[in-house]
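Results of the structural survey
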Amino acid sequence: MTDRQTSNVPMAISDIIAAEIAATKNAIVESGADAIRTNGNQNFILPGSSIPAASIRGVIVDFLTENKYYDRPYNKNNPTPPACFAIGANLDSMAPHEKSPVPQSEVCKGCPQNEWGSDPQGGRGKACKNARLIAIKPIDEEGNIAEDAPIWKYAIPPASIKYFDKYIKDLMLQNTLNFAVVTEMTLDQDQTWAAPRFHMERNLSEEEAISVLSDRDRARELLIVPPDVSSFTPKGR
């Protein structure tokens, strides 16, 4: 006889569902649970909070690029998932994710939707929207990095990518990188949309940097979570 015995009395389906929900919560990432939002060009809204923040101070543990192509105009009353998307670290080797409903090309580089001037709304923009995804670990009010501090995700919009890339290049000129410094992230109040800007506050100590590096896997897992495309329907249906 085993230690675990089963009952002949069938469980109510509601009990089975409740048990499955409890188990499933540990198998998925809640959409937006760790994501930083903005209220226009004014403030950041931190995860789990409704209190606006004028700036965020923390360590950018990791960053990736995300490309999203939508095959129909945006409708705020009925937003649709992207038809094609990619997430990666190397711009030259990025390719549509295996879960992309309608891949537009074998690779992102050279894809017609990822070329300047391809925006169906006109202008010199792209049909495929590029973003930098950052994983940032906030510091406390005293400027310290707690080992158990959360890691938050933020999507830098297309118009601000050049400012982020310049920030990373400037750090490299100083022989350092994003995971070895405290970064202050603010919003440009002169713009009418969310326009993040980046400023190095201080270098981390060697001990702090090593601690942050131990979070790289956790940060990467957060960044590579694909968008939910389960509700995608082909055009015309």
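Residues numbered from 1 in each chain as written. Predicted model: local features only at pLDDT ≥ 70, side-chain atom pairs only at ≥ 80, totals over all residues. Heavy atoms only, no water.

Considering all chains together, one arrives at 4 aromatic pairs under this definition. Between Phe44 and Tyr154, the aromatic rings sit 5.9 Å apart at their centres with planes inclined by 85 degrees, giving edge-to-face as the arrangement. Residue Phe44 is found in strand E2 (residues 44–45), and its partner Tyr154 is found in strand E7 (residues 152–156); the two are separated by 110 residues along the sequence. Judged by relative accessible area, which is 0%, Phe44 ranks as buried. By relative accessible area, Tyr154 is classed as buried at 4%. Ring geometry for Phe164 against Phe198: centres 5.3 Å apart, planes inclined by 70 degrees, an arrangement best described as edge-to-face. With Phe164 in helix H2 (residues 161–173) and Phe198 in strand E9 (residues 196–203), this pair connects stretches of sequence that are 34 residues apart. By the ring-pair criterion, three or more aromatic residues cluster together here, those being Phe63, Phe164, Tyr167 and Phe198. Here the guanidinium or amino end of Arg124 rests over the ring plane of Trp116, the centre of that ring lying 4.9 Å away. (Phe/Tyr/Trp six-rings, centres within 6.5 Å; stacked < 30°, edge-to-face > 60°. Helix = DSSP H or I, 4+ residues; strand = E, 2+ residues; numbered from the N terminus. Buried < 20%, exposed > 50% of the residue type's maximum accessible area, 1.4 Å probe, protein only. Lys NZ or Arg CZ within 6 Å of the ring centre and 35° of its normal.)

The subject of this paragraph is the sheet that holds strand E3 (residues 52–53). By way of backbone hydrogen bonds, the strands of a sheet pair with one another, either parallel or antiparallel. Pairing is antiparallel in the open sheet, where 3 strands are placed in the order E1-E2-E3. Two strands lie at the open edges of the sheet, namely strand E1 (37–38) and E3, each paired on one side alone. Relative to E3, E2 runs antiparallel, the two sharing 2 bridges. Of the residues in E3, the one forming a bridge with Phe44 is Ala53. (Pairing = 2+ DSSP bridges.)

Let's shift gears to the environment of Ala159. Positionally, Ala159 belongs in the loop between E7 and H2. Considering only alpha carbons, one finds Ala159 and Pro196, 37 residues apart in sequence, at a separation of 9.3 Å.

What follows concerns the nonpolar core. Ranked by size, the top nonpolar core spans 18 residues in total, and within it Ile36, Phe44, Ile134, Tyr154, Phe164 and Met185 carry the most contacts. Among the elements of the structure, strand E4 (55–69), strand E6 (128–138), E7, H2 and strand E8 (181–187) are those that each provide at least two residues to this core. Residues contacting Met185, with those up to four places away along its chain left out, are Phe44, Ala54, Ser55, Ile56, Ile134, Tyr154, Pro196, Arg197 and Phe198. By size, the runner-up hydrophobic cluster in this structure holds 16 residues, among which are Ile87, Leu133, Ala135 and Val182. (Core = buried A, V, L, I, M, F, W, Y, C linked by side-chain atoms within 4.5 Å. Contact = heavy atoms within 4.5 Å.)

The next thing to look at is the confidence of the model for the chain. The predicted structure's coordinates, where accompanied by low pLDDT, should not be read in detail. On average, residues of the chain score 85 in pLDDT, and 85% of them are at 70 or above. Segment residues 1–9: pLDDT under 50, and 0 contacts once partners within four positions in sequence are set aside and those in other chains are kept. Overall, residues 27–31 carries pLDDT values under 50, and its contacts beyond four positions in sequence, including any with other chains, amount to 1 contact. (pLDDT = per-residue confidence, 0-100.)

Our next topic: the side chain of Asp215. Structurally, the position occupied by Asp215 is in the loop between helix H3 (206–213) and helix H4 (216–223). If we ignore the near neighbours within four places in the chain, the residues touching Asp215 are Val61, Lys137 and Ile151.

Note that Asn178 resides in the loop between H2 and E8. In this structure Asn178 comes out as buried when scored by relative accessible area, which is 4%. Among the polar contacts made by the side chain of Asn178, one reaches the main-chain carbonyl oxygen of Ile60 at a distance of 2.7 Å. Here Asn178 is in contact with Val59, Ile60, Val61, Asp62, Phe63, Ile168 and Leu171, once residues within four sequence places are set aside. (Polar contact = N/O pair within 3.5 Å; in protein donor to acceptor, adjacent residues only side chain to side chain.)

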